[in-house]
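Summary of the model geometry
Given next are the chains, with one letter for each unit.
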Amino acid sequence: MSKQRRTLLKVIVLGDAGVGKTSLMDRYVYNRFSDHYKATIGADFMTRELQIEDRVVTLQIWDTAGQERFQSLGVAFYRGADCCVLVYDVNVSKSFDNLHNWHNEFISQACLGDPKKFPFVVMGNKVDVNGGSSRVISERKAREWLASKGNIAFFETSAKENYNVEEAFRCVAQTALLSEPNLHDIYLPPTVEAVEEQTRSSCQC
Ligand code: GDP
Ligand code: MG
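Residues numbered from 1 in each chain as written. Chains lettered and ligands numbered in written order. Predicted model: local features only at pLDDT ≥ 70, side-chain atom pairs only at ≥ 80, totals over all residues. Heavy atoms only, no water.

A separate point is the overall build of the protein chain. A tally of helices and strands in the protein chain yields eight helices and seven strands. Sequence separation of 24 or more characterises 75% of the internal contacts of the protein chain that already satisfy a separation of 6 or more. As displayed, the protein chain has an accessible area near 11300 Å², and 51% of this comes from carbon and sulfur atoms. (Helix = DSSP H or I, 4+ residues; strand = E, 2+ residues; numbered from the N terminus. Contact = heavy atoms within 4.5 Å. Areas by Shrake-Rupley, 256 points an atom, 1.4 Å probe, with all protein chains shown as cover.)

Next up on the list: the pairing of strand S5 (residues 120–125). With six of its six residues buried, S5 lies for the most part within the structure. Here S5 shows two buried faces, one formed by Phe120, Val122 and Gly124 and the other by Val121, Met123 and Asn125. Sheet topology note: the strand S4 (residues 83–89)/S5 ladder contains six bridges and is parallel. From the neighbouring strand, aspartate 89 faces S5, where its bridge partner is asparagine 125. In terms of handedness, the path from S5 via helix H6 (residues 139–148) over to strand S6 (residues 153–156) forms a crossover that is right-handed. (Buried < 20%, exposed > 50% of the residue type's maximum accessible area, 1.4 Å probe, protein only. Pairing = 2+ DSSP bridges. Right-handed = clockwise from strand over helix to strand, strands pointing away.)

In this section: helix H7 (residues 165–178). For H7, spanning 14 residues, the distance from its first C-alpha to its last is 20 Å, which sits close to the expected 20 Å at 1.5 Å a residue. Every buried residue belonging to H7 is among Val165, Ala168, Phe169, Cys171, Val172, Ala173, Ala176 and Leu177, and all of these are buried. (Expected span 1.5 Å × (residues − 1).)

Below, the structure is given as structure tokens:
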């Protein structure tokens, strides 16, 4: 009897306040976008399932409020993470400079076995703003930084125009699956329900 392989992946999204973390998640999970800025308070997650080869992958994507101090989120928040998404705004230089800090903080808090092997995905968001004319971080500059950190996947995105969002999160799932150690496989044989039903009906009480 074939078993469906199911995998739960914990994904942490980090970056400065206002870069579009919540918007990217909203676009990916609910395919919606709002121009109104609503600061995220604390941390929460959204989930979406996707199929990658023979696996059903559930992405559990954790949102954070960027302005919060890492310490207040606690080590438990990062523990068991399978991928870390770092987001900056291509129109805001400071948000790009801060990637370095978010990257370091994640590594120091997440209790990683080998930080060099841990999958990160970087998203340079809001490429749509003013048709791209207010951009201050070029793709080349971003790629230079990424190269200095090892092999980090990179996407320029627009949550507003739904540009590259699907592709970027698919890559999150794929890179997490490739780095085996943290996988949480849940095997669900298709017979589970039937067996339970049988047990119940044969119960004498
Ligand atoms: P967060 O603090 O990182 O979670 O950022 P939000 O997702 O709350 O977004 C901050 C603001 O930027 C909101 O007003 C969003 O509507 C806007 N925003 C987010 N993504 C984009 C985008 O791709 N393009 C444009 N033009 N605005 C965006
Ligand atoms: Mg937010």
